[in-house]
Amino acid sequence: MILVTGATGTVGRAVVDRLRALGEPVRALTRRPETADLPVDIEVVRGDLGVPEDVSAALTGVDRVFLLTAGPEIPRHDANLAAAAAAAGVGRIVKLSSGRVDDATATDPIPAWHRAGEAAVRASGIPWTMVRPLGFMSNALHWAGTVRARDTVFAPFGQGRIAVVDAGDIAAVATESLLGARHAGRLYTLSGPQALSPGEQTGILAEVLGRPLRYVETEPADARAALLSFGVEPEMADAIMALRATALESFTSVVHPTVEAVTGRAPRSFREWAVEHRAEFAA
């Protein structure tokens, strides 16, 4: 049995689908099973990673875990899972982490949270694999509303480039890591095939959609205010803005060969991702 946390998110759902396609038994942990919308043959259990008793119950009979946590509670949630997994005799933990954990200059919240989470997983004594994407292609979906309504992408840090990676490629590496013994103790930094700025991503979206789009660089303060207007908590908004600012660093623009090395196929391009998601940007 493989436990998947974060199973209703973009990456977690892709991991569930890949494992299911391979015939692996999957249990999904979520706080809201009634809205999980997972296939009927997936065992869905209610639980909160902040409640140790929930975590212990979810791990009954589990051999491997895909650990996906988010936000300020990452250190505590990862520690709860790691401790309960050790007590349950789990044989492998694959943690979705941050591509900047090993960057000594990365003291902003998100890599710091994941650094603490990784430490808890390592301390458990369970064989582990850390999967560390640099950035997500799916973040471009945040632009879909203004692309549909105004043919415009609004984003800060226009000079920054990130070698964003497709969620399906992250899931492919995670699945291989869950199923293959050779991945124990490995640190996998993931990227897509090309580092792109927001303006370059906008140009690709325009070509895929077949209509002109414009990119407007926003002030960081305005971008933060937009996050708050969507209900993001201030602490998380600050963390997101700090993460976005790292696009200006060279670290995030490095292209890594990891996806192909682990899966045997090249990572998908942003253009391929845009074609798949064309309908979400359509006017």
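These notes cover the structure that comes with them. (Residues numbered from 1 in each chain as written. Predicted model: local features only at pLDDT ≥ 70, side-chain atom pairs only at ≥ 80, totals over all residues. Heavy atoms only, no water.)

Quick word on the environment of Ala 79
With respect to the element layout, Ala 79 can be found in helix H3 (residues 74-88). In the structure, Ala 79 is positioned 13 residues away from Arg 92 in sequence and 15 Å away in space, judged by C-alpha atoms. (Helix = DSSP H or I, 4+ residues; strand = E, 2+ residues; numbered from the N terminus.)

So, the sheet that holds strand E1 (residues 2-5)
Spatial strand order, E3-E2-E1-E4-E5-E6-E8: 7 strands in an open sheet with parallel pairing. A single partner strand is all that each edge strand has here, and the edge strands are strand E3 (43-46) and strand E8 (186-190). Taking each pair of neighbouring strands and ignoring which way they run, the sheet shows an average axis angle of 20°. Note: E1 against strand E2 (residues 26-30), 4 bridges, orientation parallel. Within E2, the position partnered with Val 4 by the bridge is Ala 28. Its contacts with the sheet place helix H1 (residues 10-21) against E1, E2, strand E4 (64-67) and strand E5 (92-96), and it is angled at close to 160° to E1. Against the sheet, helix H4 (residues 109-123) touches E4, E5, strand E6 (128-133) and E8, its axis set at about 165° to E6. (Pairing = 2+ DSSP bridges. Axes fitted to C-alpha atoms, helices over the stretch in contact; angles between N-to-C directions. Contact = heavy atoms within 4.5 Å.)

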